[in-house]
Amino acid sequence: MDDPLNSDSPESDADYVLEQQAGHLLRRAHQRHAAIFQGLIGDSQLTTLQFAALVRLRDLGEVSQNQLGRLTAMDAATMQGVIKRLAARGLIARRPDPDD
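Quick caveat, the model's predicted, so the values are computed rather than measured.

Chemist: Describe the overall build of the chain, with residues and values.
Modeler: The helix and strand inventory of the chain stands at four helices and zero strands. The secondary structure elements of the chain, listed N-terminal to C-terminal, are α-α-α-α. A total of 100 residues make up the chain; the buried ones form 18% of that total. Taking contacts inside the chain between residues at least 6 apart in sequence as the whole, the part at least 24 apart equals 32%. For the chain, the exposed surface amounts to about 7600 Å²; the carbon and sulfur share of it is 52%.

Chemist: Can you tell me about the packing of helix 2 (residues 48–60) against helix 4 (residues 76–88), naming the residues and giving the values?
Modeler: Look at helix 2 against helix 4: their axes get within 10 Å of each other, and the N-to-C directions meet at 80°. When the axes of helix 2 and helix 4 are compared, the pair comes out roughly perpendicular. When helix 2 is examined against helix 4, the residues L49, Q50, A53 and L54 are found in contact with a partner set consisting of T78, M79, V82, R85 and L86. Residues of the contact of helix 2 with helix 4, tallied by class, amount to six nonpolar, two polar and one charged.

Chemist: Please set out the pattern of salt bridges residue by residue, giving values where relevant.
Modeler: Summed over all chains, the structure comprises three salt bridges. The shortest N-O distance in the salt bridge between D59 and R58 comes to 2.7 Å. Classification of D59 as partly exposed rests on a relative accessible area of 43%. E62 is paired through a salt bridge with R95; the nearest N and O atoms lie 2.4 Å apart. Here E62 is found in the loop between helix 2 and helix 3 (65–71), whereas its partner R95 is found in the segment after helix 4, with 33 residues between them in sequence.

Chemist: Let's hear about the packing of aromatic side chains: which residues, and what values?
Modeler: One pass over the full model with this rule turns up one aromatic pair. An angle of 65° between the planes, with centres 5.4 Å apart, marks the rings of F37 and F51 as edge-to-face. With F37 in helix 1 (residues 22–41) and F51 in helix 2, the pair connects residues that are 14 residues apart, well separated along the chain.

Cut-offs applied
- Residues numbered from 1 in each chain as written.
- Predicted model: local features only at pLDDT ≥ 70, side-chain atom pairs only at ≥ 80, totals over all residues.
- Heavy atoms only, no water.
- Helix = DSSP H or I, 4+ residues; strand = E, 2+ residues; numbered from the N terminus.
- Buried < 20%, exposed > 50% of the residue type's maximum accessible area, 1.4 Å probe, protein only.
- Contact = heavy atoms within 4.5 Å.
- Areas by Shrake-Rupley, 256 points an atom, 1.4 Å probe, with all protein chains shown as cover.
- Axes fitted to C-alpha atoms, helices over the stretch in contact; angles between N-to-C directions.
- Parallel < 35°, antiparallel > 145°, perpendicular 65-115°, else oblique.
- Nonpolar A, V, L, I, M, F, W, Y, C, P; charged D, E, K, R; others polar.
- Salt bridge = Lys/Arg side-chain N within 4 Å of Asp/Glu carboxyl O.
- Phe/Tyr/Trp six-rings, centres within 6.5 Å; stacked < 30°, edge-to-face > 60°.

Encoded structure:
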């Protein structure tokens, strides 16, 4: 993919419009979504990732941490942090998997 800010690129610097770049628009949409979410949820400590995990747990009941990560599109490290914070707040209960 050509770098529009690189002088070797066929597109000149003058043709590069930040507001027309997909990445910029996605970042702005995410910022707006996060602001709306925080305003509606009423819990400044609850993140969108934590909310997604809670919704999946509500829908499915007890699942493994790995399965929950897959179902919410979170990598293992992120899921572990989400679970720890939810458990610390008493929003979920953790227990060892007897088959693990």
